[in-house]
Amino acid sequence: MDARKVIAVQNASDTLVKRLVRRRKRVEVKYELEDEAGTSPASQEQEATAIAESNGGSGSGGGGDGDSIWEPPLWKQVLENLQTMRAARDAPVDSMGAEQCMDQGAEPKVYRFQVLISLMLSSQTKDQVTHAAMTKLRQHGLTPDSLLATPDATLGELIYPVGFWKKKVVYIKKTCEILKRDYEGDIPPTVKEMCQLPGVGPKMAHLCMDIGWGKLTGIGVDTHVHRISNRLGWTRRPTKTPEETRLALEAWMPKELWSDTNLLMVGFGQQVCVPVGPKCGECLNKALCPFGRNALLASPKKGSPRKSQKRKGQE
């Protein structure tokens, strides 16, 4: 093969890698914009269970015959690197996440209700915005009775500008009515009942059970955990939704790691493994992560020579 053919093959290979990376980024951005409450939890779980079974488990998590359980290669080293990168615990979720928004001195029933409201507000919303809204709600009075007595317009002003705030006003009011009618103002004690509340999906339900009730029922998988798990290859096959990812992770991950997974990955997703333009060059897992290896193989985009000269002239 002459030199020109070798160069042509190399160029074709580089172009294919770039296209795959761009395509994967577009898909991930699409999932970032999906509203968690927009799909029925029941239909999510049915589809996710089928995916999880093909991923090598039933979603029961880390138990059973060790020889039959698939697990990602070198996942312990990857996890150790994640823990090292998150050692400072200085991401927004660490100071303003769901566990930081409640009145720590409130009675248990009120505390659990505040956990639920915090998680409902956090969907498609930055932690800083959720924390500010929760601060205003707590000053206003954050109990089912106080929110039911609050006009919709006032409640909207208190939670604005959380994502989908108009829809969340409706969800919160309906949820308060259900809690008063069926649970004496407390939150449901099971994941199944929690997912029947308006605007509450599996991620919120599992986190609510962990933070509010102190019961570990599953991994809280949001778009950060979903994105990072797929980038790392922590699902046996690519998953399409956070619920599919939850079942795929629970099929192999030891249960003692479930509780910290959400906080660990969300903070990492806020600081390093961001949705668009992840900082793969700074990541300790860049040699172990399939996405990171592909990203580093792809050449950086070359700017226009004319624009580059113009920028140099302005410096």
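The preceding data block contains the structure.
A quick note: this is a predicted structure, and the numbers were derived from the prediction, not measured. (Residues numbered from 1 in each chain as written. Predicted model: local features only at pLDDT ≥ 70, side-chain atom pairs only at ≥ 80, totals over all residues. Heavy atoms only, no water.)

Structural notes on the overall build of the protein
Condition: We count a stretch as a helix when DSSP gives it H or I for four or more residues in a row; a strand needs E for two or more, and each element gets its number in order from the N terminus. The cut-offs for exposure are 20% and 50% of the maximum accessible area for each residue type, with area from a 1.4 Å probe on protein chains only; residues under the lower value are buried, those over the upper are exposed, and the others partly exposed. Here a residue-residue contact requires only that any non-hydrogen atoms of the pair lie within 4.5 Å. Reported accessibility uses the Shrake-Rupley method at a 1.4 Å probe radius. Residues are deemed covered only where the shown protein chains occlude them.
What the protein contains, in helices and strands, is 16 helices and zero strands. Within the protein, the proportion of its 315 residues that are buried is 46%. Taking the contacts inside the protein whose residues are at least 6 apart along the sequence as the reference set, 68% of them involve residues at least 24 apart. By element, 52% of the accessible surface of the protein is carried by carbon and sulfur atoms, the whole surface being about 16700 Å².

Details of the nonpolar core
Nonpolar side chains in soluble globular proteins tend to end up buried together. Where we set the bar: Note on terminology: a nonpolar core comprises buried Ala, Val, Leu, Ile, Met, Phe, Trp, Tyr and Cys residues joined through side-chain atoms within 4.5 Å.
Core analysis: the largest hydrophobic core is formed by 41 residues, its most contacted members being I117, L121, L137 and L147. Among the secondary structure elements, those contributing two or more residues to this core are α5 (108–122), α6 (127–140), α8 (152–159), α9 (165–182), α10 (191–194) and α11 (202–211). Looking at this core element by element, the count peaks at nine residues for α5. Beyond its immediate stretch of four places on either side in the chain, L137 contacts I117, L121, L142, L147, L155, L158 and I159.

With respect to α5
Here is the rule we go by: One fewer than the residue count of a helix, multiplied by 1.5 Å, yields its expected span.
Relative to the 21 Å expected for 15 residues at 1.5 Å per residue, α5 spans 21 Å between its end C-alpha atoms, a close match to the ideal helical length. Burial runs high along α5: 13 of the 15 residues are buried. Downstream of α5 by one or two residues, Q124 has phi in the positive range, about 60 degrees.

With respect to the environment of C289
You can see C289 is positioned in the loop between α14 (258–271) and α15 (290–297). Distance from C289 to I228, taken between C-alpha atoms, is 9.8 Å for residues 61 residues apart in sequence. In contact with C289, other than residues within four places in its own chain, are R231 and L232.

Considerations on the side chain of D222
We count it as follows: We score Asp and Glu as negative and Lys and Arg as positive, and we do not count His or the chain ends. For salt bridges, the criterion is a side-chain nitrogen of Lys or Arg within 4 Å of an Asp or Glu carboxyl oxygen. Any N or O atom pair separated by 3.5 Å or less is treated as a polar contact, with the protein-specific requirement of one donor-capable and one acceptor-capable atom, and with residues adjacent in sequence counted only for side-chain atom pairs.
Looking at where D222 falls in the secondary structure, it is placed in the loop between α11 and α12 (223–232). Within the buried core, D222 has no salt-bridge partner, and the shortest N-O distance to an opposite charge, that of K203, equals 5.0 Å. A polar contact is formed between the side chain of D222 and the backbone nitrogen of V225, at a distance of 3.0 Å. Among residues more than four places away in sequence, those in contact with D222 are K203, P242, N262 and V266.

Quick look at the pattern of salt bridges
Tallied over the full model, the rule gives eight salt bridges. A salt bridge links D182 to R181; the shortest N-O distance between them is 3.0 Å. Here the salt bridges share partners, and the residues they tie into one network are E243, R246 and E250.

Here we look at α14
Taking 1.5 Å per residue as the helical rise, α14 with its 14 residues ought to reach 20 Å, and the 21 Å between its terminal C-alpha atoms agrees with that figure. Among all positions of α14, only W258, T261, N262, L264, M265, V266, G267, F268 and G269 are buried. Those residues of α14 that are buried lie in contact with α3 (75–85), α4 (92–96), α11, α12 and α13 (242–250).

Remarks on the packing of aromatic side chains
When we look at a pair of aromatic rings, we describe it by the centre distance and by the angle of the planes. Heads up, the rule is: Ring pairs shown here join Phe, Tyr and Trp side chains whose ring centres sit within 6.5 Å, with only the six-membered ring taken for Trp; geometry is labelled stacked below 30 degrees between planes, edge-to-face above 60, and tilted in between. Remark: a charge is flagged as sitting over a ring if the NZ atom of Lys or the CZ atom of Arg is within 6 Å of the ring centre and within 35 degrees of the ring normal.
In this structure the tally under the stated criterion is three aromatic pairs. Considering the side-chain rings of W234 and W252, the 5.4 Å spacing of their centres and the 85 degrees angle between planes classify their relative orientation as edge-to-face. A residue pair is termed long-range when its members are at least 10 positions apart, and W234 in the loop between α12 and α13 and W252 in the loop between α13 and α14 qualify at 18 residues. In this structure, W234 and W252 share a single accessibility class: buried. Above the face of the W213 ring, K215 is positioned so that its terminal group lies 5.7 Å from the ring centre. For R231, the ring lying beneath its charged end belongs to F291, and the centroid distance is 4.4 Å.

Thoughts on unusual backbone geometry
A cis geometry characterises the amide bond from Y160 onward to P161, with omega recorded as 10 degrees. You can see P161 is positioned in the loop between α8 and α9. In this structure, F164 is a non-glycine residue whose phi angle is positive, near 55 degrees. With respect to the helices, strands and loops of the structure, F164 is situated in the loop between α8 and α9. Residue F164 is classed as partly exposed on the basis of its relative accessible area of 40%. Positive phi outside glycine occurs at E184, with the angle close to 55 degrees.

Re empty space enclosed by the protein
As a reminder, the rule being used: As defined here, a cavity is a set of points on a 1 Å grid over the protein atoms alone where a 1.4 Å probe fits but cannot get out. A pocket is an open set with protein on both sides within 12 Å along at least five of seven lines, and residues line them when an atom is within 4 Å of a point. Grid points are joined across faces, edges and corners, and a volume is the space filled by probe spheres set on the points.
In the structure shown here, the tally under the stated rule is two cavities of 30 Å³ or more. Here the largest cavity defines a volume of roughly 110 Å³. For the lining of the largest cavity, the secondary-structure elements that each account for two or more residues are α12 and α15. Top element by residues in the lining of the largest cavity is α12. It accounts for three residues.

Considerations on the environment of A98
Structurally, the position occupied by A98 is in the loop between α4 and α5. Residue classification places A98 among the buried positions, given a relative accessible area of 19%. Residues contacting A98, with those up to four places away along its chain left out, are S118, L119 and I211.

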